[in-house]
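# A structural walkthrough
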Amino acid sequence: MSAVETQVKEAKPLLSKKDRKLMVDPLNDNNPITVQVLGICSALAVTTQLKPTMVMAISVMAVVVLSNFIISLMRNTIPSRIRIIVQLTVVSVLVILVDQILKAFVYDVSKQLSVFVGLIITNCIVMGRLEAFAMGNKPGPSILDGFGNSIGYAWIILAVAFCRELFGSGKLLGFQVIPDAVYEMGYVNNGLMLIPAGALFVIAIIIWIQRSLNTKLEEA
Amino acid sequence: MKFLKDKVYELRPLFNKGGKYEKFHTVFDGFATFLFTPDHVTHDGTHIKAGIDLKRTMFFVILAMVPALLFGMYNVGHQHFISNGEFLGYGEGFLDKLIYGSIKVLPIVVVSYGVGLGIEFFIASSKGHAINEGFLVSGMLIPLILPPSIPLWMVAVATAFAVVFAKEVFGGTGMNILNVALTARVFLFFAYPTFMSGDTVWIAEKADAYSGATALANSIAGTPGFSTSDMIMGFIPGSIGETSKIAILIGAAFLILTGIGSWKIMTSVMLGAGIMGLIFNAVGANEFMQVPFYYHFIMGGLLFGAVFMATDPVTAAQTEVGKWWYGLLIGMMAVMIRVFNPAYPEGIMLAILFGNVMAPLIDYFVVQSNIKRRLARA
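Residues numbered from 1 in each chain as written. Chains lettered and ligands numbered in written order. Predicted model: local features only at pLDDT ≥ 70, side-chain atom pairs only at ≥ 80, totals over all residues.

## Looking at the overall build of chain B
Summing up its helical and strand segments, chain B has 17 helices and zero strands in all. For 378 residues, the compact-globule formula gives about 21 Å, and the C-alpha radius of gyration of chain B, at 22 Å, lands near that figure. In terms of its C-alpha atoms, chain B occupies a principal-axis envelope of roughly 70 × 65 × 35 Å. The buried share of chain B, taken over its 378 residues, is 44%. Pairs at least 24 apart in sequence give 71% of the contacts found in chain B among residues at least 6 apart. (Helix = DSSP H or I, 4+ residues; strand = E, 2+ residues; numbered from the N terminus. Rg over C-alpha atoms; globule rule 2.2 N^0.38 Å. Buried ≥ 20, exposed ≤ 12 C-beta atoms within 10 Å, placed from the backbone. Contact = placed C-beta atoms within 7 Å.)

Written as structure tokens, this is what we have:
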């Protein structure tokens, strides 16, 4: 897939304006979580700690990019009546692959993520990108679109996991960052951050900050 | 009074548009209207004016809470001393108990008001709104529903959370869906459960050997563990303002007489709790179910919640028929949560929040049924 990317780059001096928009738009203006409000379930479920969240972000990225690429290659041969079934087949193959790889190489994290890796198949972002982009665009732009959206997804869930692990357990990536002296002064970890409801509040705050900074998102 | 009033009006031009302290206009306006009924006159259109404005209404509610607060302060001291085996009689060491209690309770009140009003003032002046007085009541309710041993920084965090997330994001006073004070409590309950439940938090600086379990916690074993008169008078461990049923009833009478609190909601919450208690008595599958239903009225915060929080005019049902259903729902839910889920002994907190969420739906059905009935008659 990197070959395709470099081809795009070689053809033009830089990413063309359109291609750059594919990558940059989902980071902020059209973020899958905070603007399109997709993929919220996994953002609530896997973000108690930073490490599993990173693995989740990478897994989703692999699935979104590869499925976008494959579906885009096949797009002209898929009968539109059964396109959802075809998409699901491709996505489920990829998800099972990712799951098996995680089980083989990072078993602990895989156990922590449990069903949520398998549930990537139901992540609305995956199907959303296939339907909205890959079915109607060439493989090159589809890969860029996959990267853009999965990075947009990744930075939000990493930000949520950062807040939740920091305030919920006083740690980052498993290392204690809030010094013992603070605990001795009476500080206590916030249990609300450990339950999924806490993630909703963190996402709400992120959306709040994003909308007050980005005037384009203001609703009438 | 006349002198103060003259002084305030003399200062006013400084704060008006173009004045020296224009930026602080909202703060000044907030204080001036708190002290005196505003002299603004409406200029056009027809207006219906009530005899008392929002600030006076809020102040009446605070007056109604004063008995519960005073008794709460005394009881905090009383519980502390009897846990250490001193001043066992109700009136013994009266001053010691009162002073000890005020040292514990007043800082919580100050922190709650300081943080809450600070945020309100900041948001009002940054948006150029008039300062609302909604927090006057919430700021007093928050200390009354917390355990006396709560760390002050937690009060500050919870108050800030409640004011921002329960109120300001919805548009400020009068627009909130959930009761602000209960949001603060529910935040603490889920964020710092060890400081909000269990046997150790309800008595300030308790001696280790003394059991600090509340009547509700004891009831899991089938008996409240306190004499009925103690529970009615309020000489039991619990949140600061909720223990004395007498003090709360005085407040309730005051609210009903001044027409501020809805007697329908208070009655129907009690009714709902009673019905649910009777049903559980009839089933009687475990010890808690067998606790006589009338104990539910005098245990825990049911009465306090029914009088001061379920009646919150903003978050309660608005229609008169709806108020009955709303209260019944809260009362039944409260007893159900108490009995079915010992992990959440204080069911009234979650029940009222649930009722708040359901209130618009209840109103909708009441209005719809009115429309249907009148259409059928036409």
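Now that the structure has been shown, the text picks up again.
## Brief notes about the overall build of chain A
Scanning chain A from N- to C-terminus turns up eleven helices and two strands. Taken from the N to the C terminus, the helices and strands of chain A come in the order α-α-α-α-α-α-α-α-α-β-β-α-α. By the compact-globule yardstick of 17 Å for 220 residues, chain A fits well, its C-alpha radius of gyration being 19 Å. Counting only C-alpha atoms, chain A reaches 65 × 45 × 35 Å along its principal axes. Taking as baseline every contact in chain A between residues at least 6 positions apart, the subset at least 24 positions apart corresponds to 77%.

## Section: the packing of helix α12 (residues 263-283) of chain B against helix α15 (residues 302-309) of chain B
Residues and elements named next belong to chain B. Viewed as axis vectors pointing N to C, α12 and α15 meet at an angle of 150°, and their least axial separation amounts to 9 Å. Classed by the angle they form, the pair α12 and α15 counts as roughly antiparallel. Once α12 is placed against α15, the crossing between them reads as right-handed. Contact residues: α12 offers M266, V269, M270 and A273, while α15 offers L302, A306 and V307. In terms of residue class, the contact of α12 with α15 is built from seven nonpolar, no polar and no charged. (Axes fitted to C-alpha atoms, helices over the stretch in contact; angles between N-to-C directions. Parallel < 35°, antiparallel > 145°, perpendicular 65-115°, else oblique. Left-handed = near helix turned anticlockwise from the far one by under 90°. Nonpolar A, V, L, I, M, F, W, Y, C, P; charged D, E, K, R; others polar.)

## Details of the nonpolar core
L141(B), L188(B), V307(B), Y326(B), I330(B), A334(B) and I352(B) are the most contacted members of the largest nonpolar core, which has 97 residues in total. The element that contributes the greatest number of residues to this core is helix α16 (residues 320-340) of chain B, accounting for eleven residues. Not counting residues up to four positions away in its chain, the partners in contact with L188(B) are M154(B), A158(B), F195(B) and M196(B). One finds A43(A), M56(A), I70(A) and I143(A) within the second-largest nonpolar core, a separate group that totals 38 residues. (Core = buried A, V, L, I, M, F, W, Y, C linked by C-beta atoms within 7 Å.)

## As for the interface of chain A and chain B
Think of interface size as the accessible area that goes away when the parts come together; that is how it is often given. With six residues of chain A in contact, the opposing surface of chain B contributes seven residues. Tallied by class, residues from the side of chain A that touches chain B come to three nonpolar, three polar and no charged.

## With respect to the confidence of the model for chain B
Looking at chain B as a whole, the pLDDT averages 85, with 96% of positions reaching at least 70. Both scores are given for the predicted complex: the pTM is 0.84, the ipTM 0.78. (pLDDT = per-residue confidence, 0-100.)

## Overview of helix α9 (residues 139-169) of chain A
For the α-helix, the turn length of 3.6 residues means that residues three or four positions removed from each other point alike. Over its 31 residues, α9(A) extends 43 Å from the first C-alpha to the last, a length consistent with the 45 Å expected when each residue adds 1.5 Å. Positive phi appears at G170(A), one or two residues downstream of α9(A), with a value of about 70°. (Expected span 1.5 Å × (residues − 1).)

## Examining unusual backbone geometry
One non-glycine residue, V37(A), lies in positive phi territory at about 55°. When you line up the elements, V37(A) lands in the loop between α2 (17-24) and α3 (40-45).

## Brief notes about the packing of α12(B) against α16(B)
For any two helices packed against each other, one specifies the crossing angle of their axes together with the interaxial distance. All names here are of chain B. Two elements in contact, α12 and α16, have axes separated by 7 Å at closest approach and are oriented at 40°. Taken together, the axis directions place α12 and α16 in an arrangement best described as oblique. Here α12 and α16 pass one another in a crossing that is right-handed. Residues that form the contact of α12 with α16 fall into these classes: 18 nonpolar, six polar and three charged.

## Concerning the environment of F304(B)
Residues and elements named next belong to chain B. When you line up the elements, F304 lands in helix α15. C-beta crowding within 10 Å serves as the criterion here: with 27 such atoms nearby, F304 is assigned to the buried category. When the C-alpha atoms of F304 and M65 are compared, they prove to be 9.8 Å apart, with 239 residues separating the residues in sequence. Setting aside residues up to four positions removed in sequence, F304 forms contacts with G241, E242 and I248.

## So, the environment of I101(A)
Residues and elements named next belong to chain A. Counting through the fold element by element, I101 comes out in helix α5 (residues 83-105). Residue classification places I101 among the partly exposed positions, given that 14 C-beta atoms sit within 10 Å. Taking the C-alpha atoms as reference points, I101 and I84, 17 residues apart in sequence, are found 26 Å from one another.

## Description of the environment of N149(A)
Residue and element names in this part refer to chain A. Its location among the elements puts N149 in helix α9. Taking the C-beta count within 10 Å as the criterion, N149 has 32 such neighbours and is therefore assigned buried. A sequence separation of 126 residues divides N149 from M23, and the C-alpha atoms of the two residues are 7.4 Å apart. Excluding anything up to four places from it in sequence, N149 contacts P26, P32, V64, I125 and R129.

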